[in-house]
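Chain by chain, the residues:
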Amino acid sequence: DGGITQSPKYLFRKEGQNVTLSCEQNLNHDAMYWYRQDPGQGLRLIYYSQIVNDFQKGDIAEGYSVSREKKESFPLTVTSAQKNPTAFYLCASSKGVQQGEFFGPGTRLTVL
Amino acid sequence: EDQVTQSPEALRLQEGESSSLNCSYTVSGLRGLFWYRQDPGKGPEFLFTLYSAGEEKEKERLKATLTKKESFLHITAPKPEDSATYLCAVHLNYGGSQGNLIFGKGTKLSVKP
């Protein structure tokens with residue numbers, strides 16, 4: 001079955017550490033996205049990529065980095081520069097906007 | 001400023017009690033409006049895309065409609081399994097990128113048996 005996988009489901013990080021969240025899709029979608037979800041707030045776009053080896057900053061890119069070396073993969077690194085990283089992180093992909101974005105199951109990151 | 005507002009924030013219904021969720025938007029150049037369902041601790045599940053005023057789409061007990069300023073998600077005779085948070089998002093018609101998707105904060109629906 002085609003879909004989007006994210007790992008790990010839960011992640012704990014100590015302050016000052018960088019962590020990388022994995023996102024893989026086998027839907028043959030060109031575009032991929034990373035969102036952050038906090039209680040009481042809408043999803044906020046961190047980074048997106050429309051094609052391999054290209055990506056753009058979203059609304060809240062500071063303290064995050066991404067890469068898009070393969071069409072299927074779009075990992076997100078949360079760096080120590082991100083001051084409030086505890087959140088639920090969602091990866092999504094789309095073939096085209098008109099077909100909607102399909103989301104992965106999410107990774108819950110907690111900073112200890 | 002482009003905005004998407006969903007109301008109410010929370011809605012409690014009895015099983016079988018029909019109601020509507022609202023998504024109003026103040027954006028220029030709407031390219032599409034999306035509805036998603038999200039269960040606790042999970043990623044959003046795509047429900048509908050609407051493109052133009054007057055358009056309607058249905059799926060089981062859900063029906064989404066669109067006007068020039070808002071969209072409604074009508075829930076007919078809901079069941080407890082319809083309990084979830086419903087998210088609305090709009091895609092803007094500028095920039096030429098796929099990154100211009102603005103989400104509302106969602107409506108948390110609870111359906112009691």
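Given the structure is predicted, the values throughout are model-derived calculations rather than measurements.

Points about the state of the cysteines
Here a disulfide denotes a covalent bond joining the sulfur atom of one cysteine to the sulfur atom of another.
Residues and elements named next belong to chain A.
For step 1, the next point in the chain: In this structure the tally under the stated criterion is two disulfides over all chains.
For step 2, the next point in the chain: Between cysteine 23 and cysteine 91 runs a disulfide, and the two sulfur atoms are separated by 1.9 Å. Taking the sign of the S-S torsion, -75 degrees for the link of cysteine 23 and cysteine 91, the bridge is left-handed. With a gap of 68 residues between them, cysteine 23 in strand β3 (residues 19-25) and cysteine 91 in strand β9 (residues 87-94) connect regions that are remote in the sequence.

Quick notes on the nonpolar core
For step 1, the next point in the chain: Leu33(B), Trp35(B), Leu73(B) and Tyr86(B) are the most contacted members of the largest nonpolar core, which has 24 residues in total.
For step 2, the next point in the chain: Breaking this core down by element, the ones donating at least two residues are β2 (10-14), β3 (19-26), β4 (30-38), β5 (45-50), β7 (62-66), β8 (70-75), β9 (84-92) and β11 (107-112) of chain B.
For step 3, the next point in the chain: The element that contributes the greatest number of residues to this core is β9(B), accounting for five residues.
For step 4, the next point in the chain: Listed in part, the 19 residues of the second largest apolar core include Tyr47(A), Val66(A), Leu76(A) and Val78(A).

Thoughts on the interface of chain A and chain B
For step 1, the next point in the chain: Listed as interface residues are 25 residues of chain A and, on the opposing side, 20 residues of chain B.
For step 2, the next point in the chain: Carbon and sulfur atoms make up 56% of the surface buried where chain A meets chain B, a total of about 1,700 Å² over both sides.
For step 3, the next point in the chain: Scanning the region where chain A abuts chain B turns up zero salt bridges.
For step 4, the next point in the chain: At the surface where chain A touches chain B, the tally comes to two residue pairs in polar contact (both at pLDDT 80 or more).
For step 5, the next point in the chain: Elements that contribute at least two residues to the side of chain A that touches chain B include exactly β4 (31-37), β5 (44-51), β9 and β10 (102-103) of chain A.

Focus on the sheet that holds β8(B)
Residues and elements named next belong to chain B.
For step 1, the next point in the chain: Ordered by their spatial adjacency, five strands build an open sheet running β1-β3-β8-β7-β6, and the pairing between neighbours is antiparallel. Looking at strand neighbours, the two that pair on one side only are β1 (3-7) and β6 (56-59), the edges of this open sheet. Across the sheet, the mean angle from the axis of one strand to that of its neighbour is 15 degrees, orientation sign disregarded.
For step 2, the next point in the chain: Sheet analysis places β6 next to β7, joined by four bridges and oriented antiparallel. Bridge pairing links glutamate 58 to lysine 63 in β7.

Describing the environment of Gly100(A)
For step 1, the next point in the chain: Turning to its location among the elements, Gly100(A) is positioned in the loop between β9 and β10.
For step 2, the next point in the chain: The contact partners of Gly100(A), leaving out residues within four places of it in the chain, are Ser93(A), Ser94(A), Phe34(B), Tyr36(B), Phe46(B) and Thr49(B).

Some words on the side chain of Gln25(A)
For step 1, the next point in the chain: Along the polypeptide, Gln25(A) turns up in strand β3.
For step 2, the next point in the chain: Once residues lying within four places of it in the same chain are set aside, the contact partners of Gln25(A) are Gly3(A), Ile4(A), Met32(A), Arg68(A), Lys71(A), Glu72(A) and Ser93(A).

Side note on the sheet that holds strand β7 (residues 64-66) of chain A
Residue and element names in this part refer to chain A.
For step 1, the next point in the chain: With antiparallel pairing, the four strands of this open sheet are ordered in space as β1-β3-β8-β7. Looking along the sheet, the strands with just one partner apiece sit at the ends: β1 (4-7) and β7. Across the sheet, the mean angle from the axis of one strand to that of its neighbour is 20 degrees, orientation sign disregarded.
For step 2, the next point in the chain: Relative to strand β8 (residues 76-78), β7 is paired through three bridges, and the arrangement is antiparallel. By the bridge assignment, tyrosine 64 is partnered in β8 with valine 78.

Analysis parameters
Residues numbered from 1 in each chain as written. Chains lettered and ligands numbered in written order. Predicted model: local features only at pLDDT ≥ 70, side-chain atom pairs only at ≥ 80, totals over all residues. Heavy atoms only, no water. Disulfide = S-S within 2.5 Å. Helix = DSSP H or I, 4+ residues; strand = E, 2+ residues; numbered from the N terminus. Core = buried A, V, L, I, M, F, W, Y, C linked by side-chain atoms within 4.5 Å. Buried < 20%, exposed > 50% of the residue type's maximum accessible area, 1.4 Å probe, protein only. Contact = heavy atoms within 4.5 Å. Buried area = accessible area lost by both parts, 1.4 Å probe. Salt bridge = Lys/Arg side-chain N within 4 Å of Asp/Glu carboxyl O. Polar contact = N/O pair within 3.5 Å; in protein donor to acceptor, adjacent residues only side chain to side chain. Pairing = 2+ DSSP bridges. Axes fitted to C-alpha atoms, helices over the stretch in contact; angles between N-to-C directions.

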